Amino acid sequence: MAAQGRLSVGRLARVVILLALGLLLLALVILGGVDELIHPRSRAWVMAGGLIALLLALAEAGRLRHAPGPGGGLSAYLALPAAMVLGILYLQSGGLAHGAAAGGASAQAYQSFVDSRDREETRADRAMRGDRLVLEGDDYWPLYGRVFMDPQAARGKRIIVQGFVYHRSDLPPGHLIVARNLMWCCAADVGVIGFVLRGGEAGTLADNAWIEVEGVLGTMDFDLAGGDEPTLIPLIEASRIAPAERPASATIFP
Amino acid sequence: MSPALGIQEKAGVFLATFSGLALETLPFLLIGTLLASVMAVLLPLGTLKRLFPSRPLPSILFGLVLGAFLPVCECATIPLARRLRDEGIPESTALAFLLAAPIVNPLSIISTVVAFRGTGLPMAPLRLAAGLGTAFLMALVLEISTQWRRASPVAASLGARGLGVALPLGRSGARRAAIEAGREKRGLVQTLGLVGRTCADDFFDSSRYLILGLLVAAALRAFVGEGALKEGLATDPGALFSGSVAAYVLSLCSTADAFVARSLFFPESSLGALAFLVLGPMLDIKNTILLSGVVGVKRIGPLLAILLPLSAAVCYVFYAFWAAL
């Protein structure tokens, strides 16, 4: 370790970087705002990371008069703030999640995913026996899975669902997908799931606009996953399409 | 198909992916470096080495199962593997731990079981078997190469020029000496301070490479897209290649990649899903750059050149064995 001397600018930069990183991680968890970027189950890890970064800042502050050793290169000081600035830019921009979703072409394949984690009767099972399905909050994913698992069984039921408008060129004219973002782990694996709908002004709505749809479930043959054989999927025959506010928790977390 | 993205939307994908990956991986890197620093400061030099078997083969096997007790993903295992190497554990054992830990850790096993439940495909045991098999063979190659280098002057010369297959995970001899100096006289406060300072040094050593890796991974996702990866690679020369390349490029966390593997490859290609789940946790873009900061750029090439075909071959063997049952 270098001998004690004047205040080390390099060491001071490390303290600032660690402080900023720690405060950013903790603030994102405490004040909210991480849900568009990581799965809620990772909050504890982010919190732990933030606390460790603050403790490291404290340790670094104790040796401000020691020059940083090897590994204290300039790139470290540039890379970490760059990460933070980019993250903050994303959060401030707000509406970029749709872009992220559209980028994940694999996401359409989620329609084939069947939620098989529980075989016991759940709220979703009871809802499926009724004639009206409301897909919102924590009910969205289990009901979505059950409707896609057996579209025939869901035929004729009334459905109310919110989502953003997602047009695909391979859909017939007058059809769109009322879509939601689905996240398994973090923003790197976000994809789009949703229901095809037709009726009303479906063909003219702008991409990414949030809507609430009410209609009756039918079926259609369509290759929602892309590149495969068409399969039987649910179709909403919309009777009402209304503009909606983007919900506070717009992303679905299985 | 999906609407074509404009440059603004691609920038959005890039920012979202990068920020998400950074939030997902930086805490694990911090946790991994903290664990490694606690090990370094609290355990006198040689303590860990005494816990490991002295003979190479049992030592490698011990390294393989060690990761089962650490519920952390691959970002945390690199500093830990590096610390093992610094403690005098053979490189082959450190490599076995490095490659196997992200696959044998409990979080990865549980997520794989959940993601593939109901498919009739025993993906979790297949992933475990192929992952452990690949890590074992890689460690064996390194052990044989190390012994050959010691015995052969030509090989030693190649190794000295950075051309051998070697994994010199530790470059912190001076730092280690500082930790050892005055160990007996250190009180609690000094010990905690030393843990913090060691951890900060390790973190700054590693984080710049990790962030560079995340930038590359996010750029590829935004400007190439996983759909293009899937469509472009799924046909020729086969699902093994497709799965391996997708895993390497997408750089997903091993604790959640099973869900993505299922949506990307299943049911069209179970073999592609297996290759995706075995190679991805061992080495992807972000970890290659992170590891290259530790082992040196010259040594990453041989590591990749052996690991990529080897993991594909092991996946094929285990999958064929299961299919024949």
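Residues numbered from 1 in each chain as written. Chains lettered and ligands numbered in written order. Predicted model: local features only at pLDDT ≥ 70, side-chain atom pairs only at ≥ 80, totals over all residues. Heavy atoms only, no water.

K.L.:
Got a minute to help me understand the overall build of chain B in this structure?
P.N.:
Within chain B, the secondary structure is distributed over 16 helices and 0 strands. By the burial criterion, 61% of the 325 residues in chain B qualify as buried. Relative to all contacts within chain B whose residues are 6 or more apart in sequence, the contacts with residues 24 or more apart total 82%. (Helix = DSSP H or I, 4+ residues; strand = E, 2+ residues; numbered from the N terminus. Buried < 20%, exposed > 50% of the residue type's maximum accessible area, 1.4 Å probe, protein only. Contact = heavy atoms within 4.5 Å.)

K.L.:
What's the story with the overall build of chain A in this structure? I'm lost.
P.N.:
Secondary structure summary: chain A contains 7 helices and 7 strands in total. Reading the helices (α) and strands (β) of chain A from amino to carboxyl end gives α-α-α-α-α-β-α-α-β-β-β-β-β-β. Taking the intrachain contacts of chain A between residues at least 6 apart in sequence as the baseline, contacts between residues at least 24 apart amount to 74%. Element-wise, carbon and sulfur atoms account for 59% of the exposed surface of chain A, whose accessible area totals about 10900 Å². (Areas by Shrake-Rupley, 256 points an atom, 1.4 Å probe, with all protein chains shown as cover.)

K.L.:
Where do I start with the pairing of strand β2 (residues 158-166) of chain A in this structure?
P.N.:
Along a regular strand, successive side chains alternate from one face of the sheet to the other. Residues and elements named next belong to chain A. Among the 9 residues in β2, 7 count as buried, and that is most of the element. Where strand β1 (residues 132-135) lies against β2, 4 bridges are found, and the strand directions are parallel. Each residue of the ladder has a partner; that of Leu133, found in β2, is Ile159. Where β2 and strand β5 (residues 210-222) come together, 7 bridges link them in antiparallel fashion. The residue of β5 that forms the bridge with Arg158 is Val216. Inspection of the sheet shows β2 paired to strand β3 (residues 175-182) by 3 bridges, in the antiparallel sense. Looking across to β3, one finds that Phe164 is bridged to Ala179. (Pairing = 2+ DSSP bridges.)

K.L.:
Would you mind showing me how to read the packing of helix α5 (residues 91-104) of chain B against helix α7 (residues 123-151) of chain B here?
P.N.:
Residues and elements named next belong to chain B. One way to put it is that α5 packs onto α7 with a least axis distance of 8 Å and a crossing angle of 165 degrees. Here α5 is positioned roughly antiparallel relative to α7, judged by the angle of their axes. α5 and α7 meet at a crossing whose hand is right-handed. Where α5 abuts α7, its residues Glu91, Ser92, Leu95, Ala96, Leu99, Ala100, Ile103 and Val104 lie against Arg127, Leu128, Gly131, Leu132, Ala135, Met138, Ala139, Leu142, Glu143, Thr146 and Arg149. Residue composition of the contact of α5 with α7, grouped by class: 12 nonpolar, 3 polar and 4 charged. (Axes fitted to C-alpha atoms, helices over the stretch in contact; angles between N-to-C directions. Parallel < 35°, antiparallel > 145°, perpendicular 65-115°, else oblique. Left-handed = near helix turned anticlockwise from the far one by under 90°. Nonpolar A, V, L, I, M, F, W, Y, C, P; charged D, E, K, R; others polar.)

K.L.:
Quick question: what am I supposed to make of the pairing of β3(A) here?
P.N.:
Residues and elements named next belong to chain A. Most of β3 is tucked away, with 8 of its 8 residues classed as buried. Here β3 pairs with strand β4 (residues 191-198) via 8 bridges, running antiparallel. The partner of Asn181 across the bridge, within β4, is Val192. Alignment of β3 against strand β7 (residues 251-252), held across 2 bridges, turns out to be parallel. Note that in β7 the partner of Leu182 across the bridge is Ile252.

K.L.:
Looking at this structure, how should I read the packing of aromatic side chains?
P.N.:
Two numbers describe a pair of aromatic rings. These are the distance of the centres and the angle of the planes. All names here are of chain B. The final tally for this structure, using the stated rule, is 10 aromatic pairs over all chains. Note on Phe203 and Phe204: the rings are 5.8 Å apart at their centroids and 75 degrees apart in plane angle, and the pair reads as edge-to-face. As far as burial versus exposure is concerned, Phe203 and Phe204 are alike and both buried. (Phe/Tyr/Trp six-rings, centres within 6.5 Å; stacked < 30°, edge-to-face > 60°.)

K.L.:
Which parts of the structure should I look at to understand the environment of Pro243(A)?
P.N.:
Residue and element names in this part refer to chain A. With respect to the helices, strands and loops of the structure, Pro243 is situated in strand β6 (residues 231-243). Note: C-alpha distance between Pro243 and Gly200 (43 residues apart in sequence) is 13 Å. Look past the residues within four positions of Pro243 in its chain and what remains in contact with it is Trp210 and Ile211.

K.L.:
In this structure, what is going on with the side chain of Arg127(B)? I would like to understand it.
P.N.:
Residue and element names in this part refer to chain B. Within the fold, Arg127 resides in helix α7. Here the side chain of Arg127 touches Thr112 through a polar contact of 2.8 Å, side chain to side chain. Here Arg127 is in contact with Ile103, Ser108, Thr112, Ser254, Asp257, Leu274, Leu277, Val278 and Pro281, once residues within four sequence places are set aside. (Polar contact = N/O pair within 3.5 Å; in protein donor to acceptor, adjacent residues only side chain to side chain.)

K.L.:
Is there a simple way to think about the pattern of salt bridges in this case?
P.N.:
Pairing is possible between side chains that carry opposite charge, provided their charged atoms lie close to one another. Taken as a whole, this structure holds 9 salt bridges over all chains when the rule is applied. Residue Glu91(B) pairs with Arg85(B) through a salt bridge whose shortest N-O separation is 3.5 Å. Overall, the relative accessible area of 26% leaves Arg85(B) in the partly exposed class. The network of salt bridges with common partners includes Arg11(A), Arg14(A), Glu60(A) and Asp201(B). (Salt bridge = Lys/Arg side-chain N within 4 Å of Asp/Glu carboxyl O.)

K.L.:
Teacher, can you tell me more about the confidence of the model for chain B here?
P.N.:
Close inspection of predicted coordinates is inappropriate in any region flagged by low pLDDT. Residues and elements named next belong to chain B. Taken as a whole, chain B shows an average pLDDT of 78; of its residues, 81% reach a score of 70 or greater. Per-element confidence in chain B is highest for helix α3 (residues 56-66), whose mean pLDDT is 91, and lowest for helix α11 (residues 226-233), whose mean pLDDT is 54. Residue range residues 161-171 is modelled with pLDDT below 50. Its contacts to residues more than four positions away, or to other chains, number 40 contacts. For this predicted complex, the interface confidence score (ipTM) comes to 0.73, while the overall pTM stands at 0.73. (pLDDT = per-residue confidence, 0-100.)

K.L.:
How should I be thinking about helix α4 (residues 74-86) of chain B in this particular structure?
P.N.:
Residue pairs spaced three or four apart in an α-helix point in one direction, given the helix's 3.6 residues per turn. Residue and element names in this part refer to chain B. Taking 1.5 Å of rise per residue, 13 residues should cover 18 Å, and α4 covers 19 Å from first to last C-alpha, within 8% of that figure. Counting buried positions along α4 yields 12 of 13 residues, so the element is predominantly enclosed. Along α4, the positions that sit buried rather than exposed are Glu74, Cys75, Ala76, Thr77, Ile78, Pro79, Leu80, Ala81, Arg82, Arg83, Leu84 and Asp86. Looking one or two residues beyond α4, the residue adopting positive phi is Gly88, at roughly 95 degrees. (Expected span 1.5 Å × (residues − 1).)

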